[in-house]
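The lines below spell out each chain.
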Amino acid sequence: MEREAFRRANENTMAIKLPIYMDYHATTPVDPRVLEAMMPYFTTEFGNAASRNHPFGWTAEEAVEKARKQLAELIGANAKEIVFTSGATESDNLAIKGVAEMYREKGNHIITAVTEHKAVIDTCKRLEKEGYRVTYLAVQKDGRISLDDLRAAIGDKTILITIMMANNEIGVIQPIAEIGAIAKQKGILFHTDAVQAAGKIPFNVNDLKVDLASLSAHKMYGPKGVGALYVRRRNPRVLLAPIIDGGGHERGMRSGTLNVPGIVGFGKAAELCRQEMATESERLRNLRDYLNDKLHKQLDEIYINGSIDHRLPHNLNISFAYVEGESLLMGINDVAVSSGSACTSASLEPSYVLKALGAGDDLAHSSIRFGLGRWTTKEEVDYVADKLTSVVSRLRDMSPLYELAKEGVDLSTMQWQTEGH
Amino acid sequence: MAYSNKVIDHYENPRNVGSLPKDDVNVGTGLVGAPECGDVMKLQVKVNPQTGIIDDAKFKTFGCGSAIASSSLATEWLKGKTVDEALAIKNTDIVNELSLPPVKIHCSVLAEDAIKAAISDYKKKQTADGKKAETVAQPTA
């Protein structure tokens, strides 16, 4: 008891290091334990895992196979079902294009959702140009798809359902087990982009009846530039047409010399996530809830985007009404977070994920995504909440929308001059 | 997005934030942009009826840092200008002064639109008021 009090007192006096990183959905730092595991494979153990006739190759191959096992264990798969890639974008491409080509004779219809990552959406769009038909399911207000919509979309020609486990912007978790059951019953393959979920919440490919799953190392405290695709081998055995041809690595599904240090790091990262998931997710959920409560206590008219119940424990996405996201980010420039504002995106369009929730573009422009992670502290959360409160208040004082709303004007029925903007 | 020091300065210390009485006959109000586009500017001028010079200007902006800076700068420039001089302010002047990057040029356009809308509102009020004055004045003439 005494020691706990001392620890807390000590924590409170600890200086906060700025800038604060609260954008763990974008990427995560490499865990020092992961880096340590990787180090030998850059220099002394530099062999090519495909070299079959000397110890340099054997050592590398052994390291890769260990990582494959570590990763398989995280998701309840068999090591032989893991295909290493350059990252989750490649995994999504391989899963979708690989199935589309391989099962072309069976059908040409794919079902996905409007809130998927661009790696899935744009892959589907390309396939549409090649004669495939794609259904983009709308989401409900809470960000989840409707299972009835899914059932209604399935036809004779449907070969693949690709729905992400958890969304990268709003952290909303889709009903994956239910989708898996529907897919299985209809004999349709089911791919899920599990990048944001794997390592953070329980994800078991057999419990969820997933046939293909995309994973990324750098979202789970591993290095950038390495990902994986889980490809089911039994019941059913999923076949994929490769998109990269070459030396026949990864059982022909993905040619190219393996990124051995990256893969070793991925394996170690997966192992750590598996071991620490329960305590880590509990800690982050408490911190996230604390951040949410604090913001709600200190500010009015703030709105959570997406379901709070079906949500990653370390995600919070909030719209601060009457304040534009980029100006908000400018005011908290010692805190790294993301916004759904058009001004912060490369496309200059507000977040399509938030737009899909139907809350209105103005709330998309006003949104901030918080991603908490392994090194987020309560002190950081306090700092971020207090700083945001003061910046939001200041910006609202200079917001014509806030003024109008306080005068009782209904902003949604006002005539705005939108021409040319 | 790396901002120029001038944009940061206007963002951190915005000039002339606030509102003028919009029903005042000597106040012109411009409200441009739209919430769904991510920027709305309200810009107001108060013209001295004796001299015809803008002696106060205020703004409120919902928008990114460049939009806030563009409208803040506009209010600075408006003060002390005649209505005609105010209409001569071009968005390119704002772009140059704040070193706005190409993706932020629309913020300066919006500020120019806001100036024009405010002046136009002021002029409309003057004509309406003038007409009223005329009709009142006629019988005694």
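Predicted, not measured: the structure shown is a model, and the values here were computed from it.

*Asks:* Help me out: how do you make sense of the overall build of chain A in this one?
*Replies:* Helix and strand counts for chain A stand at 13 helices and 13 strands. For chain A, whose C-alpha radius of gyration is 23 Å, the value lies close to the compact-globule estimate of 22 Å for 421 residues. Here the C-alpha coordinates of chain A stretch approximately 75 × 60 × 40 Å along the principal axes. Across chain A, the fraction of contacts at a sequence separation of at least 24, relative to all contacts at a separation of at least 6, is 72%.

*Asks:* What is the right way to read the overall build of chain B from this model?
*Replies:* Assigned secondary structure in chain B consists of 5 helices and 3 strands. Secondary structure of chain B in N-to-C order comes out as α-β-β-β-α-α-α-α. Along the first, second and third principal axes, the C-alpha atoms of chain B reach 65 × 30 × 25 Å. Each of the 141 residues in chain B was classed as buried or not, and the buried ones make up 45%. In chain B, the proportion of contacts linking residues at least 24 apart, taken out of those at least 6 apart, comes to 66%.

*Asks:* Please explain the sheet that holds strand β1 (residues 27–34) of chain B as it appears in this structure.
*Replies:* All names here are of chain B. Reading across from one edge, β1-β2-β3 is the order of the 3 strands in this open sheet, with antiparallel pairing throughout. The sheet is open, and its two borders are formed by β1 and β3 (54–62), each paired with just one other strand. Strand-to-strand twist in this sheet, taken as the mean axis angle between neighbours without regard to direction, amounts to 10 degrees. Sheet strands touched by helix α2 (residues 65–78): β2 (39–47) and β3. Its angle to β3, the strand with the most contacts, is close to 175 degrees.

*Asks:* Quick question: what am I supposed to make of the sheet that holds strand β12 (residues 338–339) of chain A here?
*Replies:* Backbone hydrogen bonds hold the strands of a sheet together, and the pairing may be parallel or antiparallel. All names here are of chain A. Pairing is antiparallel across the open sheet formed by 4 strands, whose spatial order is β9-β10-β13-β12. Because the sheet does not close on itself, it has two edges, and the strands there are β9 (302–304) and β12. Where strand β10 (residues 315–320) lies against strand β13 (residues 367–371), 5 bridges are found, and the strand directions are antiparallel. By the bridge assignment for β13, N315 is matched with G371. Here helix α8 (residues 260–298) sits on the sheet in contact with β9, β10 and β13, set at roughly 15 degrees to β10.

*Asks:* What is the right way to look at the interface of chain B and chain A in this model?
*Replies:* Frequently, the measure chosen for interface size is the accessible area removed from exposure when the parts meet. Facing the 25 residues of chain B at the interface are 24 residues of chain A. Elements with a minimum of two residues in the side of chain B that touches chain A: β1, β2, β3, α2 and α5 (105–137) of chain B. The greatest single-element share of the side of chain B that touches chain A, amounting to 4 residues, is contributed by β1 of chain B. By residue class, the composition of the side of chain B that touches chain A is 14 nonpolar, 7 polar and 4 charged.

*Asks:* What should I look at first to understand the pairing of β10 of chain A in this one?
*Replies:* Consecutive residues of a regular strand have side chains that alternate between opposite faces of the sheet. All names here are of chain A. Most of β10 is tucked away: 6 of the 6 residues are buried. Of the two faces of β10, the one holding N315, N317 and S319 and the one holding L316, I318 and F320 are both buried throughout. Direction of pairing for β9 relative to β10: antiparallel, over a ladder of 3 bridges. Residue pairing for β10: Y303 is matched across the bridge by S319.

*Asks:* Is there a simple way to explain unusual backbone geometry in this structure?
*Replies:* Backbone phi values are negative for most residues with the exception of glycine, while trans is the configuration of most peptide bonds. Residue and element names in this part refer to chain A. A cis geometry characterises the amide bond from L18 onward to P19, with omega recorded as -5 degrees. Secondary-structure assignment places P19 in the loop between α1 (2–13) and β1 (20–21). Look at the link from N235 to P236: it is a cis peptide, with omega at -5 degrees. One non-glycine residue with positive phi stands out, namely Y221, at about 70 degrees. In this structure Y221 comes out as buried when scored by C-beta crowding, with 27 C-beta atoms within 10 Å. Despite not being glycine, R251 shows a phi value in the positive range, around 50 degrees.

*Asks:* Even after reading the chapter, I still don't get the environment of H109 of chain A, so can you show me in this structure?
*Replies:* Residue and element names in this part refer to chain A. If you trace the backbone, H109 turns up in strand β3 (residues 109–113). Accessibility expressed as a C-beta count within 10 Å gives 20 for H109, which makes it buried. Remark: the alpha-carbon pair of H109 and Y221, spanning 112 residues in sequence, is separated by 36 Å. In contact with H109, not counting residues within four places along its chain, are R133, G155, K157, T158 and I159.

*Asks:* Would you explain helix α12 (residues 378–397) of chain A in this entry?
*Replies:* In an α-helix, one turn spans 3.6 residues, which is why side chains three or four residues apart end up on the same side. Residue and element names in this part refer to chain A. With 20 residues, α12 ought to run about 28 Å at 1.5 Å a step, and its terminal C-alpha atoms sit 29 Å apart, in line with that. Listed as buried for α12 are E380, V381, V384, A385, L388, V391, V392, L395 and R396. With its buried residues spanning 145 degrees around the axis, α12 presents them on a single face. Residues of α12 that are buried sit in contact with β1, α8, β10, α9 (325–331), β11 (335–336) and α13 (400–406).

*Asks:* Explain the domain arrangement of chain A to me, please; I cannot follow it from the model alone.
*Replies:* All names here are of chain A. According to the domain assignment, chain A consists of domain 1 (2–28 + 277–396) and domain 2 (32–272). Between domain 1 and domain 2, the C-alpha centre-to-centre distance is 28 Å. The interface of domain 1 with domain 2 comprises 24 residues on the first partner and 26 residues on the second. When residues of the side of domain 1 that touches domain 2 are traced back to their parent elements, those giving at least two are α8, β10 and α10 (352–356). Looking at the side of domain 1 that touches domain 2 residue by residue, the classes come out as 7 nonpolar, 14 polar and 3 charged.

*Asks:* Please clarify how the confidence of the model for chain B should be interpreted in this entry.
*Replies:* Mean pLDDT for chain B: 90, with 91% of residues reaching 70 or above. Confidence scores differ between elements of chain B, with α5 of chain B showing the lowest mean pLDDT of 83 and β3 of chain B the highest of 97.

*Asks:* Just to check I follow, could you spell out the pairing of strand β2 (residues 82–85) of chain A for this structure?
*Replies:* Residue and element names in this part refer to chain A. Burial along β2 is two-sided: the face carrying I82 and F84 and the face carrying V83 and T85 are both buried. The pairing of β2 with strand β8 (residues 227–231) spans 4 bridges and is classified as antiparallel. Its bridge partner lying in β8, I82 is registered against Y230.

*Asks:* Mind showing me how you'd approach the packing of helix α1 (residues 5–12) of chain B against α2 of chain B here?
*Replies:* Each pair of packed helices can be described by the angle between their axes along with the distance between the axes. Residue and element names in this part refer to chain B. The N-to-C vectors of α1 and α2 enclose an angle of 80 degrees; their axes lie 8 Å apart at closest approach. Judged by the angle between their axes, α1 and α2 are roughly perpendicular. Only G65, S66, I68, A69, S72 and L73 of α2 make contact with α1, whose side of the interface consists of K6, V7, H10 and Y11. Tallied by class, the residues present in the contact of α1 with α2 amount to 5 nonpolar, 4 polar and 1 charged.

Thresholds applied
Residues numbered from 1 in each chain as written. Chains lettered and ligands numbered in written order. Predicted model: local features only at pLDDT ≥ 70, side-chain atom pairs only at ≥ 80, totals over all residues. Helix = DSSP H or I, 4+ residues; strand = E, 2+ residues; numbered from the N terminus. Rg over C-alpha atoms; globule rule 2.2 N^0.38 Å. Contact = placed C-beta atoms within 7 Å. Buried ≥ 20, exposed ≤ 12 C-beta atoms within 10 Å, placed from the backbone. Pairing = 2+ DSSP bridges. Axes fitted to C-alpha atoms, helices over the stretch in contact; angles between N-to-C directions. Nonpolar A, V, L, I, M, F, W, Y, C, P; charged D, E, K, R; others polar. Expected span 1.5 Å × (residues − 1). Arc of directions from axis to C-beta. Domains from an automatic or database assignment. pLDDT = per-residue confidence, 0-100. Parallel < 35°, antiparallel > 145°, perpendicular 65-115°, else oblique.

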